[in-house]
Amino acid sequence: MIPLRDNDADGAQIGYEHTLQLYQQERIDLARAEAAAGWARYRKTDPALAADYQLLYARSLMYSGDYQQIVRTLASYPDPGPSERAIQRYITEASALAALSQHEAADKQLTVAEALCRKADLAACGGVISARALIAFGAGQADEGRQLYLQAYQFARSHHDPWRQANASLNLGYRALQMERLDEALDWSRISYQISSQHDYDGVAETAAGNLGFAWYQLGDGERALERYQEAEKKAELLGEEEDEFFWLSDTSYVYRDRGELSRAEAVVQKALGLARAAKNQGQIVNALGDLASLETSIGDLKEAGAHLQEALPIETAGGRKPRPLFVLRQGELAAAQHEYAKAEGLFHALLKDKASPTAVRLNAGNDLGQVYENEKKYASAEREYQETIAAWGEARAALKREESALSFGTNAREIYGNYVRFLVERGRTAEALTLADKSRARTLSEGLGFGQNHAAARVGSGPVVMRPEQIARKTGATLLFYWLGEKESYLWAVGPERTVFSTLPASQQITTWVTRYNKAILESGDPAESANADGVALYAALIAPALKVLDAHRPVIVLADGVLNQMNFETLLAPGAAGQISGPEGHDDSARLAAGAQHYLVEDYTLESAPSLDLLAHGGAGPDGKAQAKGDVAAKNLLLMGNAAAADAEYPPLPLFGVEMTRIAGRFQPEETTVFTGAKATPAAYEAANPEKFSYIHFVSHATASETSPLDSAIILSNPAGASAAASSAGGVSAYKLYAREIVAHKLNARLVTISACYGTGTRAYAGEGLVGLSWAFLRAGSRQVVAALWEVTDESTPRLMDGLYAGIAAGKKPVEALREAKLAMLHSGTRFQEPFYWAPFQIYSRE
């Protein structure tokens, strides 16, 4: 506390500002103590200043939930007339009354405040709007509450009130998370974080950082999520906010667990448990014990898992409460791991029968029950349980009203499908397993493309309807490589025109290790072929060598990747020997090339492209309405070119080579064939107004964002509408400078090729591969036949060079996939630094037919 003399008016005001700053930094205990002391000290000598301290004391009590004390404190508050102080008094009292469920009294206080705001335009009036928003959310009126927070944000912004701006945007981000509007949550949380960091509002910055972490986690970016969670946890520790610190530690443990770093996850949970024990917070203790037991069960430390669940049980059932479904699930998982199958069956059955159990818990229970039946050799029961669980997942997904929520929910089925795929493979039913594996991908994609469930994505029923992949290979004129990554082992179906060869591959974790290290080697530049990079060699041996009996150099190869394989360009894999030594598939012998010791890139042997699913390839000749699309109905050679946008956000700065690339591409078309939107004119609205269905080629030169688990939140970054700031453009819930995937799919396309020549935000961070599939899928769904997009950012002149080669090949009559490969080979054999895969390999081509 700053010592002051009673007769030092300036010093006294400085003291109050110091206390207010502590409050805004959420150093609440210190702020409350200083406010109480100031209230008492100045009550006689300076009543106005004492009233300021009194009000600040009441506001600080909100953090401890002492709502009755707030009402008592403000009962003696003097009436200052229309002023900032009076309005804040009514806001604080109304908020406390609402928390006490005295809604009529709360409404009365806000009505008085609103009357004062009609007499004077004061910054505090924005707080009245925020209080109304909070009450609306409490009453279940989410849409009204959101609109009120938007008004509060705009009001605070127009009145240069950063404190209320930071809080309104924080609340908008939090509510967007609750409503699963993840991209919107990122926008608002980022705005709140920037404002609060600039003004040292440490508590707001802490919460905004944690919310950013949660949004990134939901979007599949564990790296960014971990960074934000750790920042939030550190800030909470410095602020002494132990409850917040516990939550951020718990969330951090989930990231580590997803990454397979179980020892780190356990250490973080142990720290969280220590905090909970020190605070004697029973709810946090039982949650941490449950997390710890779940981790210990997964690593086989069953004795410790049992001890922790046993310790948590009395807390969980205190006062005769029924254990929560998640706790029962953990009990069942432990019983199954201890081979107490009858007990596990009973627990899982109880969860399945309890309709009040959360959907995710019931789905996990069904999946775990299937595994219990397998262990008991009740194979018919296991298969039935897997089928019923998949059907239940489908019903839950269909009940979701928002498409992007359904897409996110689709990722939750991975383990459910994975166990059934493994079950079928172990019984020699590999054709059914392939159909089921493709179904897990195709359902979301094919439904989005308008194919519904009439094709390979049909319901499981009594067993998968087996597709005929050789027919798809003949239709596409390509060899198909379909991958499925599993926890214990992975699978490859290599499909030629006449036969399919099935192979078992290493487990997902081993493949992930190879891919992560190999991508790192590529992104750090260098030539892995020269050094015979061990990971590139291992990936070829694991992923390509088993398919050599089917591969044919004269047929293109379509890769249907899975999981982490979506983050890798197969063209960069290191094949043995010198290039150009392969011919047809029969009698292929790699021994001579292996003995030679030399390595070359797979792109030198085969023309490779990618596709999301077999079902999409099987019916890819149809348009977005599901009807046959004649190949002749694509418009004549013309180009819609958009990019080099004006910077809408500091995260997406303009890059000088964007303009170079656009100039080169435009030069490959006649002026009358080209429509160009650049700079401030390159807006999402301009894309819509251009009637993109008229163009055979569409090319974007810009930044982009990706969402791995919510593809419709992926976006191309363009310019803001005239006069709009980045923050203001978010007021409608989405950024006006982003062309979202959900908007892309709304416009039918007839394009032969869409190219997304994009930089993905920060340096050479690898782009989430499955998010790339999602952004490409949006254009495929809209009707484009092929899409070119980048796996990682290259801010060098190599991109304009590669794109110029692509369009030169197209102009010469080559197919896009052939033209792209030739442009890559030209760079690979250039004898310059562009021969390194970092420069030629980021771009992949995705096909629907």
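Just so you know, these numbers come straight off a predicted model, no measurement behind them.

### Considerations on the nonpolar core
Now for step 1: Core analysis: the biggest nonpolar cluster contains 103 residues, and Tyr 23, Tyr 53, Ile 87 and Val 128 have the highest contact counts within it.
Now for step 2: Tallying contributions element by element places helix H3 (residues 47-61) first for this core, with nine residues.
Now for step 3: Not counting residues within four places of it along the chain, the set of residues in contact with Val 128 comprises Ile 87, Ile 91, Leu 110, Ala 113, Glu 114 and Cys 117.
Now for step 4: One finds Leu 492, Ala 561, Leu 573 and Leu 820 within the second-largest nonpolar core, a separate group that totals 71 residues.

### Focus: the state of the cysteines
Now for step 1: Applying the stated rule across the entire model yields one disulfide.
Now for step 2: A disulfide bridge connects Cys 117 with Cys 125, and the sulfur atoms are separated by 2.1 Å. Measuring handedness by torsion sign, the sulfur bridge of Cys 117 and Cys 125 sits at about -105 degrees and is left-handed.

### A word on the confidence of the model for the chain
Now for step 1: Averaged over the chain, the pLDDT score is 85; the fraction of residues at 70 or greater is 84%.
Now for step 2: Per-residue pLDDT stays below 50 along residues 583-596; that stretch engages in 25 contacts with residues further than four places along the chain or on separate chains.
Now for step 3: The low-confidence segment residues 726-733, where pLDDT is below 50, has 26 contacts with residues more than four positions distant or belonging to other chains.

### So, the side chain of Ser 196
Now for step 1: Tracing the backbone shows Ser 196 in helix H10 (residues 182-198).
Now for step 2: Polar side-chain contacts of Ser 196 include one of 3.2 Å to the backbone oxygen of Tyr 193.
Now for step 3: Not counting chain neighbours up to four residues away, the residues in contact with Ser 196 comprise Ala 166, Tyr 201, Val 204 and Ala 205.

### Examining unusual backbone geometry
Now for step 1: Phi at His 339 is positive, roughly 65 degrees, even though this residue is not glycine.
Now for step 2: In this structure, His 339 sits in the loop between helix H17 (325-337) and helix H18 (341-353).
Now for step 3: The class for His 339 is exposed, based on a relative accessible area of 56%.
Now for step 4: If you check the backbone angles, Lys 377 has positive phi at about 60 degrees while not being a glycine.
Now for step 5: With respect to the helices and strands, Lys 377 occurs in the loop between helix H19 (359-375) and helix H20 (379-398).

### With respect to the packing of aromatic side chains
Now for step 1: Taken as a whole and judged by the stated rule, the model has 27 aromatic pairs.
Now for step 2: Ring centres of Tyr 229 and Trp 248 lie 6.3 Å apart, and the angle between their planes is 25 degrees; this geometry places the pair in the stacked category. In this pair, Tyr 229 sits in helix H12 (residues 222-239) while Trp 248 sits in helix H13 (residues 242-258), placing the two residues 19 residues apart along the sequence.
Now for step 3: The class for Tyr 229 is buried, based on a relative accessible area of 1%.

### Considering the packing of helix H11 (residues 202-218) against H13
Now for step 1: It is at 11 Å that the axes of H11 and H13 come closest, and there the two elements cross at 25 degrees. In terms of orientation, H11 and H13 fall into the roughly parallel class. Once H11 is placed against H13, the crossing between them reads as left-handed. Between H11 and H13, the residues in contact are Glu 206, Thr 207, Gly 210, Asn 211 and Tyr 217 and Asp 244, Trp 248, Tyr 254, Val 255 and Asp 258, respectively.

Definitions and limits used
Residues numbered from 1 in each chain as written. Predicted model: local features only at pLDDT ≥ 70, side-chain atom pairs only at ≥ 80, totals over all residues. Heavy atoms only, no water. Core = buried A, V, L, I, M, F, W, Y, C linked by side-chain atoms within 4.5 Å. Buried < 20%, exposed > 50% of the residue type's maximum accessible area, 1.4 Å probe, protein only. Helix = DSSP H or I, 4+ residues; strand = E, 2+ residues; numbered from the N terminus. Contact = heavy atoms within 4.5 Å. Disulfide = S-S within 2.5 Å. pLDDT = per-residue confidence, 0-100. Polar contact = N/O pair within 3.5 Å; in protein donor to acceptor, adjacent residues only side chain to side chain. Phe/Tyr/Trp six-rings, centres within 6.5 Å; stacked < 30°, edge-to-face > 60°. Axes fitted to C-alpha atoms, helices over the stretch in contact; angles between N-to-C directions. Parallel < 35°, antiparallel > 145°, perpendicular 65-115°, else oblique. Left-handed = near helix turned anticlockwise from the far one by under 90°.

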